[in-house]
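# Reading the structure
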Amino acid sequence: MYVIQNGTLVSAERTWRADLAMEGGKITAIAPKIPISPEDQVMDASDCLVFPGFIDPHTHLDMDNGVTVTADDFSSGTLAAVCGGTTTVIDFATQDRGSSLAQALTLWHKKAEGRSSCNYAFHMAITDWNENTRRELGDMAAAGVTSLKVYLAYDALRIDDGQLLDILGECRSLGLQIGCHCENGNVVSLLQKRELARGKRGPAAHPISRPPEVEAEASLANCPVTVVHLSSAAGLEEVRRARARGQTVWVETCPQYLLLDDSRYQLPGFEGAKYVMSPPLRSSADREALCQAVRNGEVDTIATDHCSYSFAGQKELGREDFTKIPNGAPGLEHRPALFFHQFAASGLLSTERMCALLSENPARQYGMYPRKGVLAVGSDADVTVWDPKAVWTISAASQHHNVDYTPYEGMTVTGKAKAVFINGVPAAQDGEPVRTGMGRYVFRNALNY
Ligand code: URP
Ligand code: ZN
Ligand code: ZN
C-alpha cells in the first residue's frame with residue numbers, strides 16, 4: 001500500500017485534510033488518519049494540495065501532418081506530461097483520407113502502447129466522411145473512443161457543412177461527442193493567398209489570414225458540440241448565442257490563449273514562427289475576454305492542443321512562406337503550472353475550480369468519471385501532489401518535451417507537481433521522472449445526452 005499523509009485533498013466542490021491510500025491501481029482509503037504497517041510506503045504531503053491527476057483532453061502526439069511528424073511522440077510527450085502533473089491525455093487519432101477509422105485506431109494504439117508514461121485515450125478525427133465511415137462509428141464507441149473531432153479548416157483534413165450536419169446527427173444517436181475545430185477553411189485559404197500575393201510571406205501574415213471572424217463564423221449547427229481551442233472574443237460571443245438558444249456547447253480553451261497575444265508575431269526575424277498555431281494567438285482584448293470567461297464559469301476544460309514542432313528543421317520549413325510553417329506549439333508539461341500560477345496562486349480562481357477545469361470536467365465530459373477526475377475510494381489511483389509554494393522558471397533547457405523551444409521561456413511561476421502517481425505507482429518526483437512506460441489505454445463510456 002502507498003499512503004499520502006497529511007495532504008489537503010481537492011475536489012471540484014471542496015478541499016479537506018486527509019490521508020489517501022492506494023493499492024492495486026485504485027484508491028483504497030481516504031480518512032483523517034490511515035493506519036500504516038512497516039511494509040507500506042509513505043509520503044508526507046503536509047503543505048501540499050492533492051488533486052485527482054490532471055487530464056489533458058487535447059494533444060497531438062506522433063502526428064504526421066503530411067510533411068513532417070510532431071517532435072513529441074507518445075514516449076516523450078507523456079513523460080513530459082507526467083513530470084508536469086498530467087496523468088491522462090486524450091490524443092487525436094486521425095483518419096487518413098482513403099482509409100478507415102479502424103486503421104487509424106490500430107495505428108494510434110501501436111504508437112502509444114508500451115511507450116506511454118501516463119494513461120491515454122483517443123478521440124477520432126474524421127477526415128473522410130462516407131458510408132463506410134458512417135458504419136464504423138458504432139465500432140468506435142464499442143472500442144471506447146466516444147468522441148470525434150471534425151476540422152472545418154486545413155485542406156487535408158476538413159469536411160464541409162453538409163457532412164458536419166450529417167455527422168452530428170449520427171453521433172447524437174450513438175452518444176458520441178463531437179469536437180469542432182472552428183475555422184472556416186475556405187476563407188482561410190483565400191486570405192492566405194491574398195497575403196502571399198501582397199508579398200507578405202513571414203509569420204506576421206499568419207494571424208491576418210485567420211482573423212477571429214473565421215472562428216466565430218463556423219457553424220455550430222444545433223447539436224451538442226465541443227468548441228475546441230476557443231481563442232477569440234468573437235467566438236465566445238457565438239458560443240453565448242448558441243447557449244442562449246438552448247444548445248449544449250462545451251468550451252475548451254488553452255493556456256496560450258490565456259497568457260500570450262498576437263504581439264508575438266511581430267518578433268524580429270523568424271521568431272514569430274514559434275507561435276504559428278491555429279487558431280492563432282489573438283489580441284490582448286481577446287485574451288482578457290477569455291480569462292474573464294474562465295472566471296465566469298463559461299469555460300469547461302483547459303487543454304493544451306500540444307502539437308510540437310522544433311524551430312530548427314521543422315518551423316523553418318516555412319521560412320520563405322508562412323503557410324508552410326507547421327501549425328502548433330508545445331505545452332503539455334507546463335499546463336498545470338501555468339494555470340495554477342495565473343488563476344489559483346493569484347487568487348482569481350479557487351483550487352476547486354482548477355480541479356474542475358483540469359480534472360473533473362474533462363473526466364465527466366469524455367466518459368471517464370468517476371474512474372478518473374475525482375479522489376474517491378474505488379477510483380483509479382492517478383494522483384497529483386501539488387506544491388503550491390514552489391517558485392520556478394520554465395525553460396526549454398529543463399523541459400521534457402522533445403522540442404527545442406517553449407512559448408513560455410523565462411516565465412517564473414508559482415506551483416509545481418511535487419509527486420505524481422500513475423495507477424498508484426510513483427511516476428514523477430519534483431518535476432523529474434522516476435518510472436516510465438506505465439501508461440494504460442483508457443476505455444471511455446458514451447454519454448447520455
Ligand atoms: O495549430 C494547431 N493547433 N495544430 C494542431 C491541430 C489542431 O488544429 O488542433
Ligand atoms: Zn484544431
Ligand atoms: Zn488540436
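Residues numbered from 1 in each chain as written. Chains lettered and ligands numbered in written order. Predicted model: local features only at pLDDT ≥ 70, side-chain atom pairs only at ≥ 80, totals over all residues. Heavy atoms only, no water.

With that out of the way, let us pick up the overall build of the chain. When helices and strands are tallied, the chain shows 12 helices and 17 strands. A compact globule built from 449 residues would reach a C-alpha radius of gyration of about 22 Å, and the chain, at 21 Å, matches this within 12%. In terms of overall dimensions, the chain has a C-alpha envelope of 70 × 50 × 40 Å along the principal axes. In the chain, buried positions account for 61% of the 449 residues. If you take every contact in the chain between residues at least 6 apart in sequence, the share linking residues at least 24 apart comes to 74%. Within the structure as shown, the chain displays about 16200 Å² of accessible surface, and the carbon and sulfur contribution to it stands at 50%. Charge centroids of the chain, computed over 42 positive and 53 negative side chains, lie 2 Å from each other. (Helix = DSSP H or I, 4+ residues; strand = E, 2+ residues; numbered from the N terminus. Rg over C-alpha atoms; globule rule 2.2 N^0.38 Å. Buried < 20%, exposed > 50% of the residue type's maximum accessible area, 1.4 Å probe, protein only. Contact = heavy atoms within 4.5 Å. Areas by Shrake-Rupley, 256 points an atom, 1.4 Å probe, with all protein chains shown as cover. Lys, Arg positive; Asp, Glu negative; His and termini not counted. Charge placed at Lys NZ, Arg CZ, Asp CG, Glu CD.)

For the zinc ion (ligand 2), the full set of protein donor atoms is Lys149 (NZ), His181 (ND1) and His229 (NE2), at a range of 2.0 to 2.6 Å. Written as a sequence motif, the donor residues of the zinc ion (ligand 2) are K-x31-H-x47-H. Separating the zinc ion (ligand 2) from the zinc ion (ligand 3) is a distance of 3.7 Å. Of this pair, Lys149 sits in strand 9 (residues 147-151) while His181 sits in strand 10 (residues 177-181), and the two are 32 residues apart along the sequence. The exposure class of Lys149 is buried, given its relative accessible area of 1%. Note on His181: relative accessible area 1%, which makes it buried. (Donors = N, O, S within 2.8 Å, 3.2 Å for Na, K, Ca; no water.)

Let us now look at the pairing of strand 3 (residues 26-31). Pairing analysis gives 5 bridges linking strand 2 (residues 15-23) to strand 3, with the strands arranged antiparallel. Paired with Leu20 across the strands is Ile30, a residue of strand 3. Between strand 2 and strand 3, which pair antiparallel one after the other, the connecting turn spans 2 residues, and Gly24 there sits at a positive phi close to 60°. (Pairing = 2+ DSSP bridges.)

We now examine the side chain of His58. Take His58: it is sitting in strand 6 (residues 54-59). The exposure class assigned to His58 is buried, which follows from its relative accessible area of 0%. Of the polar contacts made by the side chain of His58, one reaches the side chain of Glu252; its length is 2.8 Å. The residues contacting His58, other than those within four sequence positions of it, are Ile90, Phe92, Lys149, Val228, His229, Glu252, Ala303, Thr304, Asp305 and His306. (Polar contact = N/O pair within 3.5 Å; in protein donor to acceptor, adjacent residues only side chain to side chain.)

Taken as a whole and judged by the stated rule, the model has 20 salt bridges. In this structure, the salt-bridge partner of Asp380 is Lys26, at a minimum N-O distance of 2.5 Å. Placement of the pair is Asp380 in the loop between helix 12 (351-365) and strand 14 (383-393) and Lys26 in strand 3, with a sequence separation of 354 residues. Salt-bridge contacts for Asp300 lead to Arg243; the nearest nitrogen and oxygen are separated by 3.1 Å. Of this pair, Asp300 sits in the loop between helix 10 (284-296) and strand 13 (301-302) while Arg243 sits in helix 8 (residues 233-244), and the two are 57 residues apart along the sequence. In this structure Arg243 comes out as partly exposed when scored by relative accessible area, which is 28%. Connected through salt bridges with shared partners, the residues Lys26, Lys372, Asp380 and Asp382 form a single ionic network. (Salt bridge = Lys/Arg side-chain N within 4 Å of Asp/Glu carboxyl O.)

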